[in-house]
Amino acid sequence: MAPQARPEKKIEPWNDPNAAPYVRIERITKKFGDFTAVNDVSLKIYKGEIFCLLGGSGCGKTTLLRMLAGFELPTAGSIFIDGQDMTGIPPYERPVNMMFQSYALFPHMSVEKNVGFGLEQERLPGAEIRKRVADMLAIVKMGEYSKRKPHQLSGGQRQRVALARALIKQPKLLLLDEPLGALDKKLREHTQFELVNIQEELGVTFVVVTHDQEEAMTLSSRIGVMNHGEIVQVGTAAEVYEFPNSRFVADFVGSVNMFEGRMIDDEPDYVRIQSDELGGTVLIDHGVSAAPSATVWVALRPEKIMISRDPCEGPDNCVRGVVKDIAYHGDLSTYLVHLPVGKIVRVTQPNVVRKAEARITWEDQVYLHWHASSPVVVTQ
Amino acid sequence: MAGQGYLTVGERISVSLARFLHGIVSSPAYRWLRRHGFRGRGLVIAIPYLWLLSFFVIPFVIVLKISFSETQLGIPPYAPLWQWVSEQAVAIKLNLANFMFLFEDRLYYSAYLNSMKIAFFSTLLCLLIGYPMAYGMARAPAAWRNVLVMLVILPFWTSFLLRVYAWIAMLRTDGVINDVLLFLGVIDQPLVMLQTDFAIYLGIVYSYLPFMVLPLYANLEKMDLTLLEAAADLGCRPAKAFLRITLPLSFGGILAGSLLVFVPAVGEFVIPALLGGPDQLMIGRVLWDEFFLNRDWPVASAVAIAMLVLLVAPIMIFNYVQGRQMGAHR
Amino acid sequence: MQRRGYFVLSLLVFGFAFLYVPILLMIVFSFNAGKLVTVWAGFSARWYVELLQNDQMLTAAKLSLQIAALNATGAVILGTLAGLVLARFGRFRGRTLLSGMTTAPLVMPEVITGLSLLLLFVAMEATFGWPAGRGVTTITIAHITFSLAYVTVVVQSRLATFDESLEEAAMDLGARPAKVFFVITLPIILPAIISGWLLAFTLSWDDLVISSFVSGPGSTTLPMLIFSKVRLGVSPEINALATILVLAVTVMIVGSAIWMQRQERARQREVQMAQAANE
């Protein structure tokens, strides 16, 4: 598990009513014939943010990114960057730069020429281009490779060149398309930190597109979860993870156990839900806004469930089951527990006990319980 | 402007060209055109378009027109299609005699049929020889493949005319093949091979073989070999796997190769002229003789139109197959 | 499995033998001292000497070279434009027609194209006064028209496998579309364009039928000359010419193949070194 990279952000412009958004996406729609790729999306992105668009394939995130870059013309809606309407402007006239998924380094040009290409288009004097290229290469630690051609570089090196090339024009917005997808695990972790550090150093606003929720949670200041061309939820990693607003988000970001149920007690400071799927009742220690006797879903994260051989203490928030599968991850273990009603519950617990005999094992009769503050009620 | 030494010569030329075009695009004349609906893209499309319209399509219209006119002495040796009969009337005379001539005279009729027949069987032979060749090349070890492709392409790059000529020497009654066969005692009398149907088939297959092999090879080489492994894994014997998997997948290549051989072979001139005799009637040669020997331009045009009508279906199929091929890459 | 391997191998050998035996025989007999191309009369290089002294042949060869070079250059310009349009411009009015016009010449029988172009030139001369008489200009125009179709195919298929994100990246960095084409696309597809040029050159150099239709007095190309000689019978000078041609083509093709192999191997080595250095 990658540790959180950044210290607590004191400044949260999205919560400040006086802050003006740097990028305003207003009611953007994109249709390809009959197919609607992006449906009436509106977003506000603030200066200096790393904003992640997270979703599965076909959810429209890449199309939205390309509209920000200028490669696709929106069917409806407008895009404002730093107060200016950029909707119809072609990509070569936008103060926006993109880092492509395949890096798209020009194979017939050296690293130096690749990185300097954007500055050439601005008709700057050669000496200045050379200096700025050298500075940029130093920032991404590719100074020694300036004369090499792309095919002489490894994947990670190519990515750094692509990043340098996109940043050197000091764009108002940097777009990254699946930046970590092509890298292996170790390199991915390393690059995640590097990206965040460079962003903080230069202060550029990033918009990242990814399908990997771990990547999204590590990199971003805020995440926008997308599904079927729409933005389903926007929030910080913690908000999206702990307070999903729908079953989709709960299921997409991290793993979750979902139980369908009916509210039987609805009070301002607690709620009790009867779930046949669970074979028991769930007591939640805060009020929930939902119609009485409505069908709701209870989302319970695997790491919030405790598993032990000791029987239940109260009637709520506890069920009995049998351990059918165990996956050992070294620091954690994932247990698949079969409930008598048939449902399988996923539980993740750190391996606190070292001795194998004392640990919970297959076919053990166990009791699952959780705090009343752990479940989240989702109504859609 | 990027200073000295930063751009190479080649880059400078490219950038200058681009700037020159941008200059045109920004000029007032162009901006006027732009306002009236013409864009840079349109110019790029227009250049090859206009060339092809003028020099490929319009000529066919002219051939059509002349096929309806009459022969007459003079330069050019045909009568104009329309004439002013009086101040306000124009008469257009469509002379159908040329086409009637084609239907009536057995010569033309047999020539068309013979050409189609010869082209068809030559295509078949090319396929029978070319498919195994292409298959062998596609399955050869990777290092050999490029060499083999080169070996197939080499004859293609040497003169078509000269290669047909080479066969004359070999097929004569006193030529190499007869000499060898007589020497080995296989025959007593020299075989007559020139000016026979056999020579024509040999010539066409020989000259057009690379046109069959290359598209087939391109198709077979791209085939995913794991499909055959999967078939074997499921119990299918190699011969059957070939028939049910390789062959159907190579159909596109077969079609392209066959059309590349069949259509031009129908109108082939050089091979019947050099290797064939008066009995080997092919319509390409008939057209040539009609034009150069008889100086009958209207009849030659009619022959060309009739040939086009016969070939329009295969040509359109070929256009469609090629279009799909190009689109398939995306 | 073994038997099938041998079967295919023997067919391959037979196929290549079929392709090459006539050419090899022609080369052998070009050194024949005697005039007959069927009886060996000793080794001699006299036909080469006679060939190089034959003014008619040399003039025709020079003319063919001129026309072929002009044609190749014109065909490459037009064909690259057409290939670019068909591969990149998506749907536009008249696309089907353009696509058809660039594939039909690939299969069209030459007698038809030759006749139609001649009739066009005659009609143009009668109406506009240009082209005045037929010669190098008309032959070149005719050749460009049919060889541009071949160049279009080559360029179009190269562009189809070309990574479009390179062009997008260039635009993203501020380059306008025309600049992107000249600075990014063109250098990368240059090998395809060069092979298109060579292809167009060969087609023109070798063409008989179309040249015969659209040429005029004083513009006899080499194939036309060869054809008139060959109609009268076999001539050893032609053998010598053929040999020179085959050798020239072989050297060029083999040379470029070796050169490309070496480039590719060096490149592979560099890629491997880069990967290894980072592990």
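Conventions adopted
- Residues numbered from 1 in each chain as written.
- Chains lettered and ligands numbered in written order.
- Predicted model: local features only at pLDDT ≥ 70, side-chain atom pairs only at ≥ 80, totals over all residues.
- Domains from an automatic or database assignment.
- Contact = placed C-beta atoms within 7 Å.
- Nonpolar A, V, L, I, M, F, W, Y, C, P; charged D, E, K, R; others polar.
- Helix = DSSP H or I, 4+ residues; strand = E, 2+ residues; numbered from the N terminus.
- Buried ≥ 20, exposed ≤ 12 C-beta atoms within 10 Å, placed from the backbone.
- pLDDT = per-residue confidence, 0-100.
- Axes fitted to C-alpha atoms, helices over the stretch in contact; angles between N-to-C directions.
- Parallel < 35°, antiparallel > 145°, perpendicular 65-115°, else oblique.
- Left-handed = near helix turned anticlockwise from the far one by under 90°.

Student: Explain the domain arrangement of chain A to me, and be specific about the residues and the numbers.
Tutor: All names here are of chain A. By the assigned domains, chain A splits into domain 1 (13–248) and domain 2 (255–378). The centre of domain 1, based on its C-alpha atoms, is set 39 Å off from the matching centre of domain 2. With four residues of domain 1 at the interface, the matching set in domain 2 holds five residues. A breakdown of the residues in the side of domain 1 that touches domain 2 according to their chemical character gives two nonpolar, one polar and one charged.

Student: Describe the environment of Arg244(B), with residues and values.
Tutor: Residue and element names in this part refer to chain B. By secondary structure assignment, the location of Arg244 is in helix 11 (residues 238–249). Overall, Arg244 belongs to the exposed group, with 12 C-beta atoms counted inside 10 Å. With 13 residues separating them along the chain, Arg244 and Ala231 place their C-alpha atoms 9.7 Å apart.

Student: Which residues make up the confidence of the model for chain C, and what values do they have?
Tutor: Residue-level pLDDT values for chain C average 87, and 96% of them are 70 or greater. As scored by the predictor, the complex reaches a pTM of 0.83 and an ipTM of 0.86.

Student: Outline the interface of chain C and chain B, supporting the account with residue identities and numerical values.
Tutor: With 71 residues of chain C at the interface, the matching set in chain B holds 81 residues. Within the residue set of the side of chain C that touches chain B, elements represented by two or more residues are helix 1 (2–29), helix 3 (55–88), helix 4 (95–107), helix 5 (110–128), helix 6 (136–160), helix 8 (177–206), helix 10 (222–231) and helix 11 (236–277) of chain C. Taken together, the residues of the side of chain C that touches chain B break down into 53 nonpolar, 13 polar and five charged.

Student: Which residues make up the packing of helix 6 of chain C against helix 8 of chain C, and what values go with them?
Tutor: Residues and elements named next belong to chain C. Orientation of helix 6 relative to helix 8, taken along the N-to-C sense of each, is 155°, at an axis distance of 9 Å. It follows that helix 6 is roughly antiparallel to helix 8 by the angle criterion. Along this stretch, helix 6 crosses helix 8, giving a crossing that reads as right-handed. In this structure, helix 6 contributes His143, Ser147, Tyr150, Val151, Val154, Val155, Arg158 and Leu159 to the contact, and helix 8 contributes Ile189, Ala192, Ile193, Ser195, Gly196, Leu199, Ala200, Leu203 and Ser204. Among the residues forming the contact of helix 6 with helix 8, the class breakdown is eleven nonpolar, five polar and one charged.

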